[in-house]
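Here is how the chains run, residue by residue.
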Amino acid sequence: MTALTVSDALAAAKKALDGGNPEEAEKLARAVLAGGRGPLQAWMMLVTALRREGRHAEALPILVRLSEMVPQNYELHFDLAEIYLLLGDFERGWRQYRFRYGMEHTKALNRKVQAPRWEGQPFKGTLLIYDEQGYGDTFQFLRMVPWAKARSGAKVVLQISRELLPFAKRMPGIDEVIERGALPPPFDCHCQLMDLPMVTGLKLSDLPGKPMPYLAAEPKRLEKWRTRLSDLVRPLVALDWAGRPTHFNDANRSTKLETFAPLAEMGATFLSIQKGPKAAEAKTPPAGMKLVDLSSEIADFDDTAAVLSLADLLISIDSSPVHLAGALGCPAWVMLPFFPDWRWLLNRTDTPWYPSVRLFRQEMRGDWAGVVRRMADALRARTAPGA
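So, here is what we can say about the structure in this document. These numbers come from a predicted model, not from an experiment.

Quick notes on the overall build of the chain
Then, in step 1: In terms of helices and strands, the chain carries 15 helices and 10 strands.
Then, in step 2: For the chain, the spread of C-alpha atoms along the three principal axes comes to 70 × 60 × 35 Å.
Then, in step 3: Counting every position in the chain, which comprises 387 residues, the buried fraction comes to 52%.
Then, in step 4: Here the chain displays about 17700 Å² of accessible surface, and carbon together with sulfur accounts for 54% of that area.
Then, in step 5: For the chain, the centre of its 50 positive side-chain charges and the centre of its 45 negative side-chain charges are spaced 2 Å apart.

Regarding the environment of Ala264
Then, in step 1: Within the fold, Ala264 resides in the loop between α12 (250–253) and β6 (269–272).
Then, in step 2: Judged by relative accessible area, Ala264 falls into the buried class, the value being 11%.
Then, in step 3: In the structure, Ala264 is positioned 25 residues away from Met289 in sequence and 4.2 Å away in space, judged by C-alpha atoms.
Then, in step 4: If sequence neighbours within four positions are ignored, Ala264 has contacts with Phe270, Ala287, Gly288 and Met289.

Considerations on the environment of Gly136
Then, in step 1: With respect to the element layout, Gly136 can be found in helix α7 (residues 135–141).
Then, in step 2: C-alpha separation for the pair Gly136 and Val322, spaced 186 residues apart in sequence, amounts to 7.7 Å.
Then, in step 3: The residues touching Gly136, leaving out its near neighbours within four places in the chain, are Ser320 and His323.

Observations concerning helix α4 (residues 56–69)
Then, in step 1: The terminal C-alpha atoms of α4, which comprises 14 residues, lie 20 Å apart, in line with the 20 Å expected from a rise of 1.5 Å per residue.
Then, in step 2: Regarding α4, the residues found buried are His56, Ala59, Leu60, Ile62, Leu63, Leu66 and Ser67.
Then, in step 3: Contact partners of the buried residues in α4: α3 (40–52) and α5 (74–86).

Section: the sheet that holds strand β4 (residues 189–192)
Then, in step 1: Here four strands make up an open sheet; going across it, the order is β3-β2-β1-β4 and the pairing parallel. Edge positions in the sheet fall to β3 (176–179) and β4, since each has one partner strand and no second. Strand-to-strand twist across the sheet, computed as the mean angle between neighbouring axes with direction ignored, equals 20°.
Then, in step 2: Here strand β1 (residues 126–130) runs beside strand β2 (residues 155–160); their pairing, made up of five bridges, is parallel.

Criteria and cut-off values
Residues numbered from 1 in each chain as written. Predicted model: local features only at pLDDT ≥ 70, side-chain atom pairs only at ≥ 80, totals over all residues. Heavy atoms only, no water. Helix = DSSP H or I, 4+ residues; strand = E, 2+ residues; numbered from the N terminus. Buried < 20%, exposed > 50% of the residue type's maximum accessible area, 1.4 Å probe, protein only. Areas by Shrake-Rupley, 256 points an atom, 1.4 Å probe, with all protein chains shown as cover. Lys, Arg positive; Asp, Glu negative; His and termini not counted. Charge placed at Lys NZ, Arg CZ, Asp CG, Glu CD. Contact = heavy atoms within 4.5 Å. Expected span 1.5 Å × (residues − 1). Pairing = 2+ DSSP bridges. Axes fitted to C-alpha atoms, helices over the stretch in contact; angles between N-to-C directions.

By themselves, these observations are geometric and do not establish any function.
See below:
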């Protein structure tokens, strides 16, 4: 390079990525790599830029080569897992996904268990399965715990976060459910919840699996919320527009309540189930939107499950209520960014994970307005007389 040093070019590329300009980042990375060689950081920058541009198939061979050259770099393996899974190559994707806790920022999250890891074989004894990541991940993969019991023939103990404990206890096919942090009973093998796809050889054709739905709302909460919502004019459309602010991808996936303004004229009654700092936006909804703010009345996921079970539809960004709705078999429309999470695959409006969920994708980066316009058209058709 002449105009910029390598370090300056890479710093500028990172700034371009952070500023939402992957095309500029790609240009700078390619300049560093003009001779076909360059530092690993430049190659990784190029891969990231291509992925954010939606050019996953172009990024894949570069990433494969890098992971072969630097096999001890677990970040490369994890990026490779995400691309394979996004492209629907589950066999390769799940294998690489096991490296997720080898990265510097995730090492502390990896549990050290003094027992053999279950590799999918049948055995006599007790199998401990434990959750590990966010609520949405756990909702999504809970379906596999009874499958693991059927495959292993073992007694299954599931260790799960306190917030999701009631759902697991209502599921058939789990022998014992304990809270995360509690001392488990003696066990012979263990498995992380999100390793179940790899050890069982999960394929796209296996989804959504049976039973579907596999979660159920708590009956007393259903009665409570049926009374609470009984006087509201249908259709009832639940809204969730922002995820957890500390999530690494939150800027890419979250939006504002005002984004939903085109939906206001649909004649629906909207229900805010938004939690966290963005919940306050429900106090000033878009003009003409009939919005009932339920945020302060929702104490936990059991309340959320009851509301979703009684509502006609959930419209949400990619967050845990989507997975809860899908697992409950409730209708949900999901707003996906141009660069989506791996689980939603590419170029489809449905998802094999949840038959009741419909996907609305950004056609350009940051274009939530286009997503909401298509949602408004779909909602108008859904609520038209005779629909």
